[in-house]
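This is what each chain is made of:
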Amino acid sequence: MRHRQRRIALLAVPALVAGVLVSTGPAGAEPAGPRATAGSGYSQLENLTQAHHVDIKLAGADMLDKVVAAGFDIEHGLKRVPDGIEGEVMVTADELTRLKSMGVQLLDDNARFKWSEKADGGLKGPAGPKAKPPAPGGPNAQPPATDPALETVRIARADWFTTKGQGFLYVEARTTEGQQASPIVGMQLENNSGKGTPFEFARTMSRFVDSGQYMFHRNLFKLDARPSEIRVTSSTGGVTTGVVSDWLENAPSPLTEKPGYQSDFVDGYRHPQQLFARAKEIAQQYPGIAEIVYLPNQTNGYQRKAQATIGGTGQSAVVVTTAAWGHEGGNDVTVEFVNRDGANLPLAVEVTGKAVRVLLAKDASGALASTAAQVAEALRTQSQGLIDRSHPYRTNAGTGIVVPTTGPVALTDSLDEKRVGAPEGEVPRGPVTIPVLRIGKHRDGKKPGVLIQAQDHAREWVPATTSLESAERLVNNYKSDKETKNIVDNTDVFFILSNNPDGANYSFYNFASQRKNMTNHCADTAADPANRNSWGVDLNRNYRVGSAQDGYSGGSSVCTSGTYQGPEKLSEPESKNIVWLVEKYKNIKFMMSVHSNGGQLFWQPGAYVADGRITTPRPPLGDEAFYWQSASRILGQVKAHRETVVTPENVGGSSDVLYSSAGNVREDLYHNYGIYAFGWEVGGSIYNPATGNWQGGSFQPVWEGNPELVSGHAETMEYANGIMEMFRVAADWGKDKKKPTSELVPGNGKYSGPVNVRFETSEPATIYYTTDGSRPTLESPRYAATEFREPGQVFHLTETTTFNWFSVDSAGNIEKNYDPTKNDKRNNYRTATIKIEPKK
């Protein structure tokens, strides 16, 4: 496990943590079906075979797993709501019936969850005691003498942001009684309208539960005036106040606003051949700062065996698959079931060139006598190697008598069946070697590396153009822009413009909604050609940490599921390549896996065991603070383009803000290699001031759509701003030699009664501490969060206690040059004694 000595826990700066889909297809994409609603539209849908978009609600992660495992494609565009998960699915009438039988709730447009726009008066009845006004410097400036464990209400976040002329307040709060089911504990939120104004606008907060576990209460709503404080009260009388922080306000201007800065290089979507060709051109054009690294494991290729299902789908049906790939001769194979005159004739197979004739058996009366199972066996064993797989249809036993075909049936890989709007030209068949575009002036492993991985999921076209745009900005502005030169001189960037070229080609040319790669791991029960759009492995479920094989939620063992994890961990060449890359280039310290279209930025934990909602290990509080600090910088640059705001509810651990995704790449790189690994869902909801609502995006938005709303072009430009800022985060990290400082608040002194103390640091850093008089080491306890998405814990001291500690920042700088690995005589760690001497 690499550089775990560096990536010890990081202590959060208080300011960082305490304050801190309906889609339309692109031109040429699969045509979107009509939308059905839970009213009359559903009765109409019952009579249609056409697929329809349907809004649905699931009870939680368990139901989501079951629905996805059943083959329904509802990944992404999902939204956590107080009592479950809402999403959208495209279904036929038969599939709609199956969804209903699984307990899925069908929604009218008006039934989808919406944050309340108006104050509703809050909790009814007694609202509990009024809070005392906060002490100068904020509510935590002078910790109360009461045990914080007795406080029932805590504020995790209170964020103010603006977008397109409208102000919003987002609040997360917890009650220690939130898990209580009967009666359910309610929470009330009030805000002031600025310093010196009273608390008012009482509104009821929404209680969020996931997998049966209470998460928090939260609200997002419009405000015209920025509040400075909020007050939260529980229905059982708990009450607390908190200071409101800014979210993405006053971000520095993006590089694109500098005079002479070049941008907007990408003028449309790019399929993998175009992406890889441009990567190689860049390396040739800019040899001083760019090169190509070829990944060692070739993909399994944009290729399929030729197939046919002959004889319908009943007990007489036979599924036939060639041994050769379609483009290597499989598409030339024909199969014919032949009726002969006579009686008592045996089953036989004749092969002439690529033509296979099955001579069906007859009984003593001259009636046909070959079952589907018998014909399948004869094709496997007597076709002279032309047929590789032959079996009854799906779960059928094949007991039906096979009937003759009307002539030879041509087997096909179906890859020549292009979808409407597919690009011109043919796709190269066969395995692909993925090129990595490496950009950096000093590509010797001494500068911090940043891995940008796009298009794990094939249908997500914007991540690829966003990544290419970022690469173009680096090389084209290197000689003319100081900030770009700083990035290229002080980082080592690796671009994988499409990590799933096979699936991406299938999305561009055949089936726009393809998510996975093209590898067919299905057994005979699911290997017929009618399932060809459901084959493949979800590459972001194929890794080793928190995997579905280990019991984590969000991955499937069903080969046709949209989240199929693969037959084993790292079964796919695409995931093996990522591991190879970070093991070969050990300077890679940052990673961004770019997806669409949820509008989130997230990190660890990314998965949990549904029963009890047990997550993979959470990052230490300091790592969490560094993630939040970096996210604020990255998303501030996104906002600067056209005021797109990724809201705080959509930032954090992905299993907290999105859903559990077992076996994802971020967990593997963070826990096994100490890499700060982000996941980014570009796109998502954009506030529309004309309607006063948030408008969702799509996987393949119209390229030149409304530049203020859903537009592939606009998303590419704004999220490229964010990637550029991530490079600056990495460059700053690599040059950081400043040692952190830390304090125990309040510090040394005599106190007449119990005291509450906490740590504060000058930047994201780890605190290791002891209270038994020993010197602190890397094995000592780490300062931790009160609970996930909350500030650091508060120690309630009732007797004299001495703290010894040191801090380490995210770049590995240790406070006061203390060496926790050596027992030297300097002992230059920090120390403070809290003396409790009650008055006599």
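The preceding data block contains the structure.
Residues numbered from 1 in each chain as written. Predicted model: local features only at pLDDT ≥ 70, side-chain atom pairs only at ≥ 80, totals over all residues. Heavy atoms only, no water.

Caption draft 1: Here's a closer look at helix 4 (residues 93-101). Residues Ala93, Leu96 and Leu99 constitute the buried set of helix 4. Each buried residue of helix 4 sits inside an arc of 110° when the element is viewed along its axis, so together they form one side. Along helix 4, the residues that are exposed and aim more than 90 degrees away from the buried face are Asp94 and Ser101. (Buried < 20%, exposed > 50% of the residue type's maximum accessible area, 1.4 Å probe, protein only. Helix = DSSP H or I, 4+ residues; strand = E, 2+ residues; numbered from the N terminus. Arc of directions from axis to C-beta.)

Caption draft 2: Layout of unusual backbone geometry. Each neighbour pair has its own omega, and for Gln604 with Pro605 the value is 0°, a cis peptide bond. Position of Pro605 relative to the elements: it lies in the loop between strand 25 (588-603) and strand 26 (608-609). Between Val745 and the following residue, Pro746, the backbone shows a cis peptide bond with an omega angle of -10°. In this structure, Pro746 sits in the loop between strand 32 (742-745) and strand 33 (749-751). Phi at Asn817 is positive, roughly 60°, even though this residue is not glycine.

Caption draft 3: Just the environment of Val462, in detail. Residue position: Val462 is located in helix 7 (residues 462-477). Exposure remark for Val462: the relative accessible area of 1% places this residue in the buried category. The contact partners of Val462, leaving out residues within four places of it in the chain, are Tyr269, Val682, Phe699, Pro701, Gly712, Glu715 and Thr716. (Contact = heavy atoms within 4.5 Å.)

Caption draft 4: Geometry of the packing of aromatic side chains. Tallying each qualifying case throughout the model produces 37 aromatic pairs. Between Phe590 and Phe626, the ring centres sit 6.2 Å apart and the planes meet at 45°, which makes this aromatic pair tilted. Taken together, the residues span a long stretch of sequence, with Phe590 in strand 25 and Phe626 in helix 11 (residues 621-642) at a distance of 36 residues. In terms of burial, Phe590 and Phe626 fall into one category: buried. Centroid distance Tyr769 to Phe795: 5.5 Å. Interplanar angle 70°. Geometry classified as edge-to-face. Of this pair, Tyr769 sits in strand 35 (residues 765-770) while Phe795 sits in strand 36 (residues 795-797), placing them 26 residues apart in sequence. The two residues Tyr769 and Phe795 agree in class, both being buried. Following the ring pairs from residue to residue traces out a cluster consisting of Trp247, Phe590, Trp603, Phe626, Tyr627, Trp628, Tyr670, Tyr676, Phe678 and Trp733. For the cation-ring pair, Arg157 lies above Trp628, with the distance from its terminal atom to the ring centre recorded as 4.0 Å. Sitting over the ring of Tyr585, Lys584 keeps its end group 5.6 Å from the ring centre. (Phe/Tyr/Trp six-rings, centres within 6.5 Å; stacked < 30°, edge-to-face > 60°. Lys NZ or Arg CZ within 6 Å of the ring centre and 35° of its normal.)

Caption draft 5: Geometry of the side chain of Gln700. For Gln700, the location among the structural elements is in the loop between strand 31 (693-695) and helix 14 (712-735). On the basis of relative accessible area, Gln700 is assigned to the buried category, the value being 6%. Polar contacts involving the side chain of Gln700 include one to the main-chain carbonyl oxygen of Ala512, which spans 2.9 Å. (Polar contact = N/O pair within 3.5 Å; in protein donor to acceptor, adjacent residues only side chain to side chain.)

Caption draft 6: Region of the structure containing helix 10 (residues 573-584). Relative to the 16 Å expected for 12 residues at 1.5 Å per residue, helix 10 spans 16 Å between its end C-alpha atoms, a close match to the ideal helical length. Of the residues making up helix 10, those classed as buried are Pro573, Glu574, Ser575, Asn577, Ile578, Val579, Leu581 and Val582. Its buried side turned inward, helix 10 meets strand 23 (449-454), strand 24 (492-496), helix 9 (501-509), strand 25 and helix 13 (665-673). (Expected span 1.5 Å × (residues − 1).)

Caption draft 7: Seen up close, the sheet that holds strand 32. Strand order in the open sheet made by the 3 strands is 32-34-36, with antiparallel pairing throughout. Each edge of the open sheet carries a strand with a single partner, namely strand 32 and strand 36. Across the sheet, the axes of successive neighbouring strands diverge by a mean angle of 25°, strand direction being ignored. Note that strand 32 and strand 34 (residues 755-761) share 4 bridges and pair antiparallel. The partner of Glu743 across the bridge, within strand 34, is Glu760. (Pairing = 2+ DSSP bridges. Axes fitted to C-alpha atoms, helices over the stretch in contact; angles between N-to-C directions.)

Caption draft 8: The arrangement of the pattern of salt bridges in detail. By the definition in use, this model includes 43 salt bridges. Two residues, Lys569 and Asp550, come together in a salt bridge whose shortest N-O distance is 2.8 Å. With a gap of 19 residues between them, Lys569 in the loop between helix 9 and helix 10 and Asp550 in the loop between helix 9 and helix 10 connect regions that are remote in the sequence. Between Asp656 and Arg618 there is a salt bridge whose closest N-O contact spans 2.8 Å. Separated by 38 residues along the polypeptide, Asp656 in helix 12 (residues 654-657) and Arg618 in the loop between strand 27 (614-615) and helix 11 bring together distant segments of the chain. (Salt bridge = Lys/Arg side-chain N within 4 Å of Asp/Glu carboxyl O.)

Caption draft 9: Quick peek at the state of the cysteines. The full count for this structure, using the stated rule, is 1 disulfide. Residue Cys522 pairs covalently with Cys559 via a disulfide, S to S 2.0 Å. Handedness here is read from the sign of the S-S torsion; for Cys522 and Cys559, about 110°, the answer is right-handed. A residue pair is termed long-range when its members are at least 10 positions apart, and Cys522 in the loop between helix 9 and helix 10 and Cys559 in the loop between helix 9 and helix 10 qualify at 37 residues. On the basis of relative accessibility, which here comes to 12%, the residue Cys559 falls in the buried class. (Disulfide = S-S within 2.5 Å.)

Caption draft 10: A look at the packing of helix 5 (residues 272-285) against helix 7. The geometry of helix 5 relative to helix 7 is characterised by a closest axis approach of 11 Å and an angle of 10° between their N-to-C directions. Comparing the axis directions of helix 5 and helix 7 gives the class roughly parallel. For the pair helix 5 and helix 7, contact is made by Leu275, Arg278 and Ile282 and by Ala464, Leu468, Glu472 and Val475, respectively. For the contact of helix 5 with helix 7, the class distribution of residues is 5 nonpolar, no polar and 2 charged. (Parallel < 35°, antiparallel > 145°, perpendicular 65-115°, else oblique. Nonpolar A, V, L, I, M, F, W, Y, C, P; charged D, E, K, R; others polar.)

Caption draft 11: Representation of the sheet that holds strand 9 (residues 206-210) in the model. Here we have 5 strands laid out as an open sheet, ordered 9-10-6-5-13, and mixed in their pairing. The open sheet terminates on both sides in strands that have one partner only, identified here as strand 9 and strand 13 (245-246). Direction of pairing for strand 9 relative to strand 10 (residues 213-223): antiparallel, over a ladder of 5 bridges. Residue pairing for strand 10: Val209 is matched across the bridge by Tyr214.

Caption draft 12: Spatial organisation of the side chain of Asn540. As for its position among the elements, Asn540 is in the loop between helix 9 and helix 10. When its relative accessible area of 4% is taken as the criterion, Asn540 is described as buried. A polar side-chain atom of Asn540 sits 3.0 Å from the main-chain amide nitrogen of Val665. For Asn540, the residues in contact, after removing those within four places along its chain, are Asp456, His457, His595, Ala662, Gly663, Asn664, Val665 and Arg666.

Caption draft 13: The arrangement of the packing of helix 10 against helix 13 in detail. With their axes 11 Å apart at the nearest point, helix 10 and helix 13 run at an angle of 30° to one another. Put simply, helix 10 runs roughly parallel to helix 13. For the crossing formed where helix 10 meets helix 13, the hand is right-handed. In this structure, helix 10 contributes Ile578, Val579, Val582 and Glu583 to the contact, and helix 13 contributes Val665, Leu669 and Tyr673. Broken down by class, the residue content of the contact of helix 10 with helix 13 amounts to 6 nonpolar, no polar and 1 charged. (Left-handed = near helix turned anticlockwise from the far one by under 90°.)

Caption draft 14: View of the pairing of strand 5 (residues 153-163). Of all 11 residues that make up strand 5, 10 are buried, and the element is covered over most of its length. The pairing of strand 5 with strand 6 (residues 166-175) spans 10 bridges and is classified as antiparallel. The residue of strand 6 that forms the bridge with Ala158 is Val171. Counting the residues between successive antiparallel strands, the hairpin from strand 5 to strand 6 contains 2 residues, one of them, Lys164, with a positive phi of roughly 55°. The sheet contact formed by strand 5 and strand 13 spans 2 bridges and is parallel. Its bridge partner being in strand 13, Asp159 is matched across the sheet by Ser245.

Caption draft 15: Quick peek at the nonpolar core. Counting residues in hydrophobic clusters, the biggest one holds 101 residues, and the most contacted among them are Leu437, Phe495, Trp680 and Phe727. A per-element tally of this core places helix 14 first, with 8 residues. Those residues within four positions of Phe727 in sequence are excluded, and the remaining contacts are Val450, Ile452, Ser470, Leu474, Ile487, Thr491, Val493 and Phe495. Counting residues in hydrophobic clusters, the runner-up holds 22 residues, among them Ile310, Phe337, Val358 and Val402. (Core = buried A, V, L, I, M, F, W, Y, C linked by side-chain atoms within 4.5 Å.)

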